[in-house]
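# Working through the structure, step by step
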Amino acid sequence: MNIALIAHDGKKKLMQNFCIAYRGILSKNELYATGTTGRLIEEVTNLNIHKYLAGHLGGEQQIGAQIEHNQIDLVIFLRDPMNNNSSHSIDTTNIFTLCDIHNIPLATNLASAELLIKSLDRGDLEWREMYK
């Protein structure tokens with residue numbers, strides 16, 4: 001499965017901890033991330049991550065393009081609703097919209113991320129292979 005990992009600045013440490021906790025599951029999949037988030041995850045987990053530009057420099061748009069082409073199976077986007085940076089909130093909203101259009105599972109907080117990653121481990125997301 002192809003998994004996109006994105007985290008706003010206030011949630012990057014939480015994303016690192018999430019990836020440490022679920023390293024075993026994540027390591028069995030292809031991981032994609034915005035630049036800074038990907039680098040920070042690699043530093044603490046040694047996972048191999050395909051990194052795009054930083055989110056505010058177009059990384060969210062690059063992941064959005066992958067979603068639009070049905071090349072992402074799961075998105076974990078730990079967002080900080082208290083720090084809504086309007087400069088790239090359009091890209092954030094675009095990712096949510098694209099996930100809805102293309103039926104891509106999306107987690108925006110730790111609780112939903114844990115549910116999706118455990119579902120992935122159980123094989124509950126194998127339907128994505130047929131959907132492609």
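Because the structure is a prediction, the values reported are computed rather than measured. (Residues numbered from 1 in each chain as written. Predicted model: local features only at pLDDT ≥ 70, side-chain atom pairs only at ≥ 80, totals over all residues. Heavy atoms only, no water.)

### So, helix H6 (residues 110–122)
The end-to-end C-alpha distance of H6, which contains 13 residues, comes to 18 Å, matching closely the 18 Å that a straight helix rising 1.5 Å per residue would cover. Among the residues making up H6, those that are buried are Ala-113, Leu-116, Ile-117, Ser-119 and Leu-120. End-on view of H6: buried residues confined to an arc of 160°, all on one side of the axis. Seen from the buried face of H6, the exposed residues on the opposite side, beyond 90 degrees, are Ala-111, Leu-115 and Arg-122. Of the surrounding elements, those touching the buried residues of H6 are strand S1 (2–7), helix H1 (12–21), helix H2 (23–26), strand S4 (74–78) and strand S5 (106–107). (Helix = DSSP H or I, 4+ residues; strand = E, 2+ residues; numbered from the N terminus. Expected span 1.5 Å × (residues − 1). Buried < 20%, exposed > 50% of the residue type's maximum accessible area, 1.4 Å probe, protein only. Arc of directions from axis to C-beta. Contact = heavy atoms within 4.5 Å.)

### Comments concerning H1
Within the span of H1, buried status applies to Lys-12, Met-15, Gln-16, Phe-18 and Cys-19. Across the axial projection of H1, the buried residues extend over an arc of 160°, all falling on one side. Pointing more than 90 degrees away from the buried face of H1 are the exposed residues Lys-13 and Ala-21.

### Here we look at the nonpolar core
The biggest cluster of nonpolar side chains holds 23 residues, and the ones touching the most others in it are Ile-3, Leu-5, Met-15, Phe-18, Leu-26, Ile-76 and Ile-117. For this core, the element with the highest residue contribution is H6, accounting for 4 residues. Residues Val-75, Ile-95, Phe-96 and Leu-98 belong to the second largest nonpolar core, which totals 13 residues. (Core = buried A, V, L, I, M, F, W, Y, C linked by side-chain atoms within 4.5 Å.)

### A look at the side chain of Asn-29
Turning to its location among the elements, Asn-29 is positioned in the loop between H2 and strand S2 (30–33). For Asn-29, a relative accessible area of 14% corresponds to the buried category. A polar atom in the side chain of Asn-29 sits 2.8 Å from the backbone oxygen of Ile-25. (Polar contact = N/O pair within 3.5 Å; in protein donor to acceptor, adjacent residues only side chain to side chain.)

### Re unusual backbone geometry
The backbone of Asn-70 sits at a positive phi, close to 60°, despite the residue not being glycine. Here Asn-70 lies in the loop between helix H4 (59–68) and S4. We note that Asn-103 has phi near 60°; this positive angle belongs to a residue other than glycine. Here Asn-103 lies in the loop between helix H5 (89–101) and S5. Of the residues examined, Asn-103 reaches a relative accessible area of 41% and is grouped as partly exposed.

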